[in-house]
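Close look at the chain arrangement
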Amino acid sequence: MEFSELIKTATVEDVLLSRQGLPDVRGTLCITSHHLLLSSRPRGDLELWLLIRNVDAVEKRVCGSSGSITLRCKDLKVLQLEIPGTEECLNVASSIEALSSVDSVMMLYPFFHRPPSLRLRQGWHPCAPERLFQQLAAQTSRWRLSAVNRDFSACPSYPPAVIVPAAVADDTVAKAARFRQGGRFPVLSYFHAKNGTALLRSSQPLPGPKRRRCLEDEQLLGTVVAEGEDNATTPLSPCRGRPLQESFARLVEACGEPAPSVERWLGRLDSSRWLGHVKAALSTACLAAQCLDREGCSVLVHGAEGTDTTLLVTALAQLILQPACRTLEGFQALLEREWIQVRVVFVMWRRVRVPAHLGALTQPPHGQAGHPFQLRCARSAASPARGKREAPVFLLFLDCVWQLSRQFPFSLEFGEQLLLTLFDNAYASAYGTFLCNSEKERRLCRLRERTPSLWARLEQPEEKHKYLNPLYSHNPLPLWPCGQPQGIQLWHAIPVPERRAQLRPAPSLAGFFLRWIRPCRHLDEAWEEMRRLVQGDKSSLEEGEGKGRAGPSPRLGHGTHAETGTGQGPGVGLG
Amino acid sequence: MEHIRTTKVEQVKLLDRFSTSNKSLTGTLYLTATHLLFIDSSQRETWILHHHIAAVEKLPLTTSGCPLVIQCKNFRIVHFVVPRERDCHDIYNSLLQLSRTAKYEELYAFSYNPKQNESEQVKGWQLIDLAEEYKRMGVPNDYWQLSDANRDYKICETYPRELYVPRTASKPIIVGSSKFRSKGRFPVLSYYHKNKEAAICRCSQPLSGFSARCLEDEHMLQAISKANPSNRYMYVMDTRPKLNAMANRAAGKGYENEDNYSNIRFQFVGIENIHVMRSSLQKLLEVSGTRGLSVNDFLSGLENSGWLRHIKAVLDAAVFLAKAIAVESASVLVHCSDGWDRTSQVCSLGALLLDSYYRTIKGFMVLIEKDWISFGHKFSDRCCQLDGDPKEISPVFTQFLESVWNLTEQFPQAFEYNEAFLLQIHEHVHSCQFGNFLGNCQKEREELKLKEKTYSLWPFLLSEQKKYQNPLYNPDFSPELTLLEPNTVSFNFKFWRNMYHQFDRSMHPRQSVFNLIMNTSEQNKQLEEDIKELEAKIKQRNGRSDVVLVKEQEQTAHPAPVALKSPPCFQKEQPPLPVNDAVRTIEGSNTADNRYSELVSEFSKAEPAVVSLEYGVARMTC
């Protein structure tokens with residue numbers, strides 16, 4: 001396939017672009033294989049780029065001799081193009097439609113994108129099981145490295161080297177694996193070193209209609225009980241894929257309504273049920289974390305395939321418990337290991353717990369432990385063809401992280417900007433990080449060699465500072481969020497610094513759901529002021545150093561966070 | 001105190017109303033003449049003023065004791081379990097009596113003594129001077145004058161003595177107009193915008209019935225219109241829903257007929273009455289007080305209460321008013337039924353949008369004093385200061401504060417005061433601890449001799465104003481008299497958690513950005529002062545070599561980076577100190593051969609500046 005076949009009209013003159021909350025732009029529209037480009041006329045001083053992959057739905061309307069196209073983007077932006085000439089209009093619309101739904105991964109922009117400042121292969125960090133085992137071995141001696149899966153016979157989607165409890169023989173592991181969908185037996189997601197408890201995840205067991213039992217499973221159970229540990233029952237609230245997608249779409253629709261009355265707005269917010277999902281996800285994660293930390297029991301979390309809500313819960317629980325996950329680097333590592341890569345597998349057996357009733361999500365083709373980003377994030381809220389495979393589970397996760405960041409504003413090293421960027425890149429990206437559904441696909445496409453990594457870009461100093469939270473200070477305690485509805489907010493309208501990401505029209509900023517709709521300049525200015533107050537005036541800093549003040553000047557207030565943070569009194573998290 | 005039978009009960013449990021684990025604190029409950037006090041086993045104190053108590057309820061006996069639930073006007077709800085039913089009953093009865101006061105003289109304000117002498121008390125009451133405020137607005141002037149018509153409260157009992165009216169409105173016009181207005185509340189000046197020469201005026205509804213007219217009233221409105229040279233028409237805003245206004249016509253009241261008044265533009269804005277607001281708040285509190293609430297129940301409860309819709313209606317009206325003045329330069333006359341509830345809300349919020357002075361701490365006090373206290377918002381009835389008609393209670397002032405809070409959320413840099421200031425004012429409107437909000441109108445306050453017998457809240461708030469300052473405040477955010485234009489789309493109206501759950505700790509973010517920034521900027525200021533002080537010291541010691549010191553001052557014009565370091569940085573980074581024979585001290589070299597060493601030891605001794613630095617840090621940790 002050639003891109004040129006899909007582009008019916010490459011250039012149209014005199015196109016008017018209108019966006020919410022921003023001035024209109026008139027200029028020349030060009031369609032390239034991956035981008036929509038509008039350069040303003042007559043002066044040509046403004047160039048607006050849009051990654052075509054970002055387009056979620058195209059609506060065209062022809063009226064007389066001109067037509068208009070409404071582009072609903074995956075990042076919830078809505079663009080309106082007025083195009084003179086009906087034929088051009090239809091051509092442009094169908095070109096965008098065709099280009100935005102190209103099936104082949106290898107045709108996507110990351111395979112062509114070569115940012116000058118980045119090298120390929122930079123920022124790809126494969127996990128080494130042996131190294132992780134060493135870390136684990138330093139904390140406990142209950143596990144051993146096993147070669148039971150060396151020929152992928154136990155589980156085709158797990159790596160060859162796995163870590164099993166020291167007391168469990170290889171053939172027991174192999175037999176027990178057959179009791180799980182796709183062979184994905186319980187793996188260690190997180191080892192809570194404080195009291196030696198473990199957070200595990202797996203796919204669902206296969207008892208079948210006859211309530212088949214697995215002797216190996218039960219036999220191992222006996223070993224665990226003999227170790228004298230308690231186990232936790234984790235009732236997970238349902239976060240089904242399809243309802244979640246619908247909830248997302250309904251919420252976005254509600255946010256798009258121009259001037260609803262307060263009643264109508266609250267009614268639509270309520271009927272979207274999104275905040276209910278957020279609350280459910282947070283409380284489930286809290287429950288799991290509480291079992292690990294407070295009650296000293298190990299927890300097994302599983303959905304149907306263990307690739308959606310399961311990851312949501314295990315990743316959030318780690319964020320709640322482990323301070324290391326709350327740094328920019330640690331969060332990246334968490335995403336890599338919980339959401340993207342097949343994590344190095346620690347096999348161990350625990351009593352099987354109440355499942356997360358994950359809905360009828362179709363099985364990803366290569367059923368791996370990572371989140372099938374390409375399936376789940378193929379379409380966003382606006383797409384008319386709401387597929388069965390799409391589900392904004394990752395968005396739900398980001399929203400929960402945002403809720404945590406609101407309740408513990410000093411405890412996460414990264415800010416809202418990172419969460420927004422991650423969402424955007426999961427849905428339409430110039431980088432390869434979120435491409436494909438599984439490790440197997442990634443290897444086939446040779447992503448690591450052929451696409452740039454988002455992490456590498458985020459690591460660049462000029463980028464990195466945008467994602468940092470100026471108020472961060474290390475907080476060694478678990479973060480117990482408030483689970484009351486009064487404590488949960490719609491992700492919008494908190495001050496965020498200006499986005500000047502490349503290749504996009506300058507948006508206005510208001511959290512996630514309303515970010516293109518409601519400009520909030522005042523909040524941005526206030527944020528800048530806050531940054532200035534906390535970090536000290538940058539310019540004066542440099543000036544001061546220029547005049548020969550020795551040594552690096554630490555950020556103002558940095559040393560004081562710990563005191564004020566923990567001085568807040570008997571909050572659950574800090575008390 | 002004849003009402004108190006039991007003063008102390010031990011082994012009382014205080015339950016957390018939202019905790020899922022049924023945790024409770026055990027402690028001792030004390031009943032004093034003014035407060036209910038609970039001290040838990042870790043010596044933490046919970047004080048509840050009797051006047052704050054809105055309702056006391058005794059629940060059926062349980063195995064652990066007798067539950068006593070106290071609801072407060074500041075939205076605190078406490079749930080005690082008293083071991084013995086008899087004690088519970090005594091306390092219940094005492095609280096019922098103590099929380100209902102029959103006479104003003106029994107209120108806390110008349111016994112509260114903050115240890116001020118008489119002249120301080122008088123000075124406190126003089127802090128807010130409304131004559132001064134009208135002068136600041138630019139009246140009296142060619143168009144507006146002070147009228148002495150109400151000097152003895154003869155025309156309108158609920159208005160203040162001093163009123164500003166158009167120069168062309170003669171006394172007969174005033175008297176005639178007041179007879180045509182409900183409760184005699186004729187149109188008077190509330191705010192004057194000197195750049196636009198336009199005015200906000202306020203009054204009550206006309207007694208027009210279906211067809212009545214009053215020439216004097218028509219003249220009065222014309223006089224207001226003519227007092228504005230830049231626009232020939234004026235707006236008349238009826239803040240009620242049209243249906244309510246029409247219903248009032250049957251009772252001989254109603255609204256202005258546009259045909260009878262020349263050059264007026266009549267507008268309804270549809271804010272509901274006090275009864276609707278009261279039941280709306282009731283519904284809101286029922287929802288927010290539910291334990292184990294689901295998100296959907298919360299949102300639909302919030303929706304059904306209509307509370308946020310009412311807040312939006314109030315703000316929308318204020319925006320309309322402010323735009324009429326700022327954009328069209330038109331004067332606006334605002335009224336509702338009696339002109340003391342919705343009218344106060346809209347006039348004060350309109351002025352707040354128009355004039356940045358009201359966004360300062362002092363200015364906000366002036367605004368409340370002017371549009372609420374002096375113009376006779378019935379604080380006593382609305383806040384139920386005395387035991388009276390429950391139908392008169394309404395959260396009108398709370399809505400005003402909530403509207404202001406909404407504005408502070410949208411414009412984080414525009415207000416000198418913060419949320420704590422609004423909450424504190426709300427607290428004291430109900431506390432009856434200070435005289436400001438007692439009674440229903442100025443006349444009543446004078447009769448009660450409040451200025452002699454009670455104290456004013458404002459100096460008390462000013463004395464601790466550090467707590468109420470918004471660290472992000474930028475005085476240049478909006479130059480004087482530029483309009484603040486809030487966006488009143490529905491998304492912007494949020495549940496005010498810190499008001500309705502102020503005392504429910506588990507609801508709040510565990511870390512407060514506000515406190516951090518407050519402390520940081522405070523510390524910055526402190527350190528800047530330290531630097532100045534140290535510099536002054538250096539200068540003093542080395543009077544001879546001014547030249548070098550001038551240079552040094554230039555460098556420390558940006559104190560932020562230094563600020564962080566503990567005292568050693570003053571030693572190390574001290575630029576070469578002036579020595580007469582031009583010997584320079586190099587870091588690490590022997591300092592004994594010049595006077596540097598003296599200074600070093602000086603710095604490391606009990607240097608006052610350094611001590612205060614440590615003090616600053618210590619303060620932050622507590």
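Every value quoted in this text rests on a predicted model; they were computed, and no experiment measured them. (Residues numbered from 1 in each chain as written. Chains lettered and ligands numbered in written order. Predicted model: local features only at pLDDT ≥ 70, side-chain atom pairs only at ≥ 80, totals over all residues. Heavy atoms only, no water.)

1. Let's talk about the pattern of salt bridges
Oppositely charged side chains can form a pair if their charged atoms are brought close together. Residues and elements named next belong to chain B. Summed over all chains, the structure comprises 39 salt bridges over all chains. Across the pair Asp 217 and Arg 181 runs a salt bridge, and its minimum N-O distance is 2.8 Å. Of this pair, Asp 217 sits in helix 5 (residues 215-226) while Arg 181 sits in the loop between helix 4 (171-179) and strand 10 (188-193); the two residues are 36 residues apart in sequence, bridging distant segments of the chain. Between Glu 409 and Lys 494 there is a salt bridge, and its shortest N-O distance comes to 3.4 Å. Here Glu 409 is found in helix 13 (residues 396-410), whereas its partner Lys 494 is found in the loop between helix 17 (457-463) and helix 18 (497-500), with 85 residues between them in sequence. Among the residues examined, Glu 409 registers a relative accessible area of 35% and is labelled partly exposed. Counted as one network, the salt bridges with shared partners bring together Asp 341, Lys 378, Asp 381, Arg 382 and Glu 392. (Salt bridge = Lys/Arg side-chain N within 4 Å of Asp/Glu carboxyl O. Helix = DSSP H or I, 4+ residues; strand = E, 2+ residues; numbered from the N terminus. Buried < 20%, exposed > 50% of the residue type's maximum accessible area, 1.4 Å probe, protein only.)

2. Quick look at the UniProt feature "binding site: substrate" (unreviewed entry) in chain B
Residues and elements named next belong to chain B. This chain's UniProt record puts "binding site: substrate" (unreviewed entry) on Asn 273, Ile 274, Cys 336, Ser 337, Asp 338, Gly 339, Trp 340, Asp 341 and Arg 342. A compact arrangement is adopted by the annotated residues: their sequence extent is 70 residues, whereas the largest C-alpha distance between any two is 12.2 Å. If you trace the backbone, Asn 273 turns up in the loop between strand 13 (264-268) and helix 7 (274-288). With near-sequence residues (within four places) excluded, Asn 273 lies in contact with Asn 244 and Arg 342. Within the structure, the side chain of Asn 273 is placed 3.1 Å from the backbone nitrogen of His 275, a separation counted as a polar contact. Positionally, Asp 338 belongs in the loop between strand 14 (332-335) and helix 10 (342-354). When residues no more than four places from it in sequence are discounted, the contact partners of Asp 338 are Ser 182, Lys 183, Arg 185 and Ser 204. (UniProt positions renumbered as here; feature names shortened; annotations may be inferred. Contact = heavy atoms within 4.5 Å. Polar contact = N/O pair within 3.5 Å; in protein donor to acceptor, adjacent residues only side chain to side chain.)

3. Brief notes about the sheet that holds strand 4 (residues 45-49) of chain B
All names here are of chain B. Ordered by their spatial adjacency, seven strands build an open sheet running 4-3-2-1-7-6-5, and the pairing between neighbours is antiparallel. Single-partner strands in this sheet number two, and they are strand 4 and strand 5 (53-58). Here the average twist between neighbouring strands, direction ignored, is 30°. (Pairing = 2+ DSSP bridges. Axes fitted to C-alpha atoms, helices over the stretch in contact; angles between N-to-C directions.)

4. Section: the domain arrangement of chain B
As a measure of interface size, the accessible area lost when the parts come together is often cited. Residue and element names in this part refer to chain B. Along its sequence, chain B is carved into domain 1 (8-100) and domain 2 (119-503). Contact residues are listed per partner, giving 14 residues for domain 1 and 20 residues for domain 2. Both sides together, the interface formed by domain 1 and domain 2 hides about 1400 Å², and carbon and sulfur atoms give 57% of it. Run the count over domain 1 and domain 2 and you get zero salt bridges. At the boundary of domain 1 with domain 2, the tally comes to four residue pairs in polar contact (both at pLDDT 80 or more). Across the side of domain 1 that touches domain 2, the residue classes break down as three nonpolar, six polar and five charged. (Domains from an automatic or database assignment. Buried area = accessible area lost by both parts, 1.4 Å probe. Nonpolar A, V, L, I, M, F, W, Y, C, P; charged D, E, K, R; others polar.)

5. Side note on the packing of aromatic side chains
The description of two aromatic rings rests on the distance between their centres and on the angle between their planes. Under the counting rule described, the total for this entry stands at 50 aromatic pairs over all chains. Taken together, a centroid distance of 6.2 Å and an interplanar angle of 70° make the contact between Phe434(A) and Trp455(A) edge-to-face. Here Phe434(A), found in the loop between helix 13 (416-427) and helix 14 (439-445), pairs with Trp455(A), found in helix 16 (residues 454-459); they are 21 residues apart in sequence, far enough to count as distant. Accessibility expressed as a relative area gives 4% for Phe434(A), which makes it buried. Here the aromatic rings of Trp372(B) and Phe379(B) are separated by 6.5 Å at their centres, their planes lie at 45°, and the arrangement is tilted. No difference in accessibility class separates Trp372(B) from Phe379(B), as the two residues are buried. Ring-pair connections join several aromatic residues into one group, and the members of that group are Phe364(B), Trp372(B), Phe379(B), Phe397(B), Phe400(B), Phe415(B), Tyr417(B), Phe421(B), Phe437(B), Trp458(B) and Tyr468(B). (Phe/Tyr/Trp six-rings, centres within 6.5 Å; stacked < 30°, edge-to-face > 60°.)

6. Brief notes about unusual backbone geometry
All names here are of chain B. Residue Pro 140 is reached from Val 139 by a cis peptide bond, and omega for that bond is 0°. Among the secondary structure elements, Pro 140 is positioned in the loop between helix 3 (130-137) and strand 8 (144-147). For Tyr 153, which is not glycine, the phi dihedral falls at a positive 55°. Along the polypeptide, Tyr 153 turns up in the loop between strand 8 and strand 9 (163-166).

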